[in-house]
Amino acid sequence: MAKTNILHDFSVILIGSILALSLTVISCQNVDGIHRIPALVQEQPDDSHLKANQIKRRDAYQSLYFTTGATTIRGQVIGLESGIKKTSYYPKLKGEFRIQLEIFARVKSESILRLYQNSLLLAESTPQGEKRVTLKADVELAKNDRITLSAKGEGVLIAGDLILSKRIPVEERNYVFLICADTLRADRLGLYGYKRKTSPNIDSFALDGVVFESAYAQSPWTLPSHMSLFTGLYEFNHGIKRGTTISPYVPYLVEELSQKFSTRSYNGGIYVSANFGFFRGFDFYRSIPQDQISPLATKKLFDLTKNDLDTNRYSNAFYFLHTYQTHSPYNPPLNFLKRFNPDPKYTYLSAPSVGSNHKDQYKKLPQEMIDAYVDLYDAEIFVFDLWFGQFLDYLKEQNIYDDSMIVFMSDHGEEFFDHLGWGHTHSLYNELIRVPLVIKFPKNQYKGTHVTTEVGLIDIMPFILSYYRIPFERKGIDGSDLMPIVKGKSMDRTLISSLTNGFYIPSLPFKISRIENNQKIIFNLPYTDETLAFYNTPPPPYSQFEYYDLLEDPGEKNNIHEEKIAEIRKYRELFELIVQMGRKNINTKDKPVEFDKNLLEALKALGYVH
């Protein structure tokens, strides 16, 4: 049952508090962190030098970040001229360590990079042109030892922080893999009851983990949804929207995670690119070109990750892995498609909403076309599932799987005319906001557990930080630690999903949903004549309020709001307050995103830019 003071609770959330958060540490893992040592660089290249070398400085507190191409590295830029350039690191640590220094080199001729412990040569490399190298060695440090990078050549280096970690066997290391299949709705997977065999490897993986039956995204499209994931904040609280980057005043929980973990990402870019601020806290953040249109995007993602794991053997490492494999356009390899339709008429389709810049969001198509879209989408899921399964096999072969935490999730779903619409970004029905979430714990703790309490993407980062006992500012975070409900404790939980400041197209009015105990209310602001004129086909009619009993009506087809007027009335002020927050954020002039040519082309390929 809803609490009578729920409005007060959410008012507190909106000014930066949390609903409820257990302060008790439950079955958590205390890990020795890595040591990150910044370089002592006496002279930073000026902006003109950076521009000449196609490097962009990123704004962030405390750490420096630099982007070249699709890669962002935390560290320092070192300009090379004739002679030898030396850069020093002072660990001030004693004992046995593995040290690693990641470098992106852009040099005009053959260069020589050498890493020294005092005067002892530890490692060297001779990169030419553009190349990423890692210098590493096992060392025994004395308290006053100096590590020196000696570089000879002509050009520029982006040198990451020197990272020191304990020399321990692979089975004792701590890995966290946060894996996101973009645009994957929960009800298209076997573990959530789908009859088609789209996900045999995901279903098998789920047997080793905790399955969350009612996990919800906080927004129905990529940018605000992922920002909620990494900030632990609702969409109307973090304030991100198209054309902006996340404010430096908004907490970004990867920064806290990097206190103990080397933080790394391979991702599909576009609306998770560094341009929006997603690089914060990451030692290495790489967006993969063409991920959004490649039929084998997932294979590329996991091949890069395996190579990274083979190269970098940190004692603690966090990987955010993301792909648009299941996003429109739907173009799976033909042999995958034929598993679901032996004689397909269509082998490549884009969602009508994407191809028309959302003017055809509500276009009616014959059932034959709807079925063709579903076949292609299901085949894309199967493609992801195959390479996901092979990646898990690799982790097992490398003795990484058992002791790793693996979080599998999606940021939103996809509509195939379920509510007379297409694609995503436009509604808060469950085909768009109910997402898969499976967490495999180290040693497969809690395997076989199914959680029915509603949880959100906002809970994932607070949970990971709490599990590994990493301090962070809990006050002001909307998400909660998931451990109490994993352990079977009851927890009154209300979740909000919304489209306010984070809307995708200006013609879409604000929408807000509230879910608790499988009871869902949707609040809709009305269209105007001007916003309706945007669409080639008008949106379906709807009321200001919608109410669904998700146990009795999981497809949200029977709006019983007239029977629930008294219940809805309790939350009108809540919805109005969220609307005010959203409008406030819309009018906030955040720093604009500067789109580069590659990002513009990628956006065009997805149909986001015309």
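Data block above holds the structure.
In this convention, every chain numbers its residues from 1, walking through the sequence in written order. The predicted nature of this model means local features are confined to residues of pLDDT at least 70 and side-chain atom pairs, given and counted, to a pLDDT of 80 or more, with totals for whole chains, interfaces and linings taken over all residues. Processing note: side-chain calculations cover all non-hydrogen atoms of the structure and skip hydrogens and water entirely.

J.: Can you walk me through the sheet that holds strand β29 (residues 545–549) in this structure?
T.: Either a parallel or an antiparallel arrangement is found when strands of a sheet pair, and the pairing is made through backbone hydrogen bonds. Strands pair, by our definition, only if DSSP identifies at least two bridges between them. Helix and strand labels come from DSSP, where a helix needs a run of H or I of at least four residues and a strand needs a run of E of at least two; each type is numbered from the N terminus. Reading across from one edge, β26-β27-β28-β29 is the order of the 4 strands in this open sheet, with antiparallel pairing throughout. If you trace the sheet from one side to the other, it starts and ends with β26 (495–499) and β29, each paired once. On average, adjacent strands in this sheet sit at an angle of 15° to one another, irrespective of strand direction. Here strand β27 (residues 511–516) runs beside strand β28 (residues 519–524); their pairing, made up of 6 bridges, is antiparallel. Bridging from a neighbouring strand, Ser513 pairs with Ile522 of β28. Together, β26, β27, β28 and β29 form the strand contacts of helix α16 (residues 572–586), whose direction differs from that of β27 by roughly 135°. Axis definition: a line fitted to C-alpha atoms, limited for helices to the stretch in contact. Angles are taken between N-to-C directions and run from 0 to 180 degrees. Residues count as neighbours in contact if any of their non-hydrogen atoms are within 4.5 Å of one another.

J.: In this structure, what is going on with the side chain of Asn524? I would like to understand it.
T.: Topologically, Asn524 is positioned in strand β28. A polar contact is formed between the side chain of Asn524 and the side chain of Lys511, at a distance of 3.3 Å. Apart from the residues lying within four places of it in its own chain, the contact partners of Asn524 are Phe510, Lys511, Tyr542, Ser543, Gln544 and Glu546. Any pair of N or O atoms that falls within 3.5 Å is considered a polar contact. Within protein, one atom must be able to donate a hydrogen and the other to accept it, and sequence-neighbouring residues count only if both atoms are side-chain atoms.

J.: Could you clarify how one ought to interpret the sheet that holds strand β5 (residues 84–89) in this entry?
T.: Read across the open sheet, the 4 strands follow the order β5-β10-β7-β8; overall the sheet is antiparallel. Only two strands of the sheet have a single partner each, and these edge strands are β5 and β8 (120–125). Going across the sheet, the axis of each strand differs from the next one's by a mean of 20°, ignoring polarity. Pairing of β5 with strand β10 (residues 147–152) involves 6 bridges; the strand directions are antiparallel. Among the inter-strand pairings, Lys85 is bridged to a residue of β10, identified as Ala151.

J.: Even after reading the chapter, I still don't get the environment of Tyr324, so can you show me in this structure?
T.: Looking at the element boundaries, Tyr324 is found in the loop between β18 (316–323) and α8 (334–337). Given a relative accessible area of 1%, Tyr324 falls into the buried group. Taking the C-alpha atoms as reference points, Tyr324 and Gly268, 56 residues apart in sequence, are found 6.1 Å from one another. Once you skip the residues sitting within four places of it in the chain, Tyr324 turns out to touch Asp182, Thr222, Gly268, Gly269, Ile270, Tyr271, Val272, Asp291 and Gln292. From its side chain, Tyr324 meets the backbone nitrogen of Tyr271 in a polar contact 3.2 Å long. Relative accessibility under 20% of the residue-type maximum defines a buried residue, over 50% an exposed one, and the middle range a partly exposed one, all with a 1.4 Å probe and only protein chains included.

J.: Could you clarify how one ought to interpret helix α4 (residues 222–231) in this entry?
T.: The periodicity of an α-helix, 3.6 residues per turn, causes residues three or four positions apart to be oriented the same way. By the criterion of burial, α4 is predominantly enclosed, with 10 of the 10 residues buried. Of all the residues in α4, the buried ones are Thr222, Leu223, Pro224, Ser225, His226, Met227, Ser228, Leu229, Phe230 and Thr231. Those residues of α4 that are buried lie in contact with β13 (174–181), α5 (235–238), α6 (254–257), β18, β19 (405–409) and α12 (460–467). Looking one or two places after α4, you find Gly232, whose phi comes out positive at around 70°.

J.: What's the story with the pairing of strand β3 (residues 65–68) in this structure? I'm lost.
T.: Along any regular strand the residues' side chains alternate between the sheet's two faces. Side chains Tyr65 and Thr67 project from β3 onto one buried face, and the interleaved Phe66 and Thr68 project onto a second face that is buried too. Pairing between strand β2 (residues 56–58) and β3: 3 bridges, direction antiparallel. Note on β3: the bridge partner recorded for Arg58 is Tyr65. Taking the residues that link successive antiparallel strands as the turn, the β2-β3 hairpin has 6 residues, and the phi of Gln62 there is positive, at about 70°. Where β3 folds back on strand β4 (residues 71–80), the antiparallel hairpin that results is connected by 2 residues, among which Gly69 adopts a positive phi of roughly 60°.

J.: How do you make sense of the pattern of salt bridges when you look at a structure like this?
T.: Where charged atoms of side chains with opposite charge meet at close range, the side chains can pair. One speaks of a salt bridge when a side-chain nitrogen belonging to Lys or Arg is within 4 Å of a carboxyl oxygen belonging to Asp or Glu. A full pass over the atoms with the stated rule returns 29 salt bridges. One salt bridge connects Asp187 with Arg188, and the closest N-O pair in it is separated by 3.4 Å. Three or more residues are tied together by salt bridges with common partners; here these are Arg36, Arg74, Asp161 and Asp283.

J.: Looking at this structure, how should I read the environment of Ile179?
T.: Looking at the element boundaries, Ile179 is found in strand β13. For Ile179 and Leu321, which are 142 residues apart along the polypeptide, the C-alpha to C-alpha distance reads 4.7 Å. Leave out the neighbours within four places in its chain, and Ile179 touches Phe302, Leu321, Phe384, Phe388, Phe391, Ile406, Val407, Phe408 and Met409.

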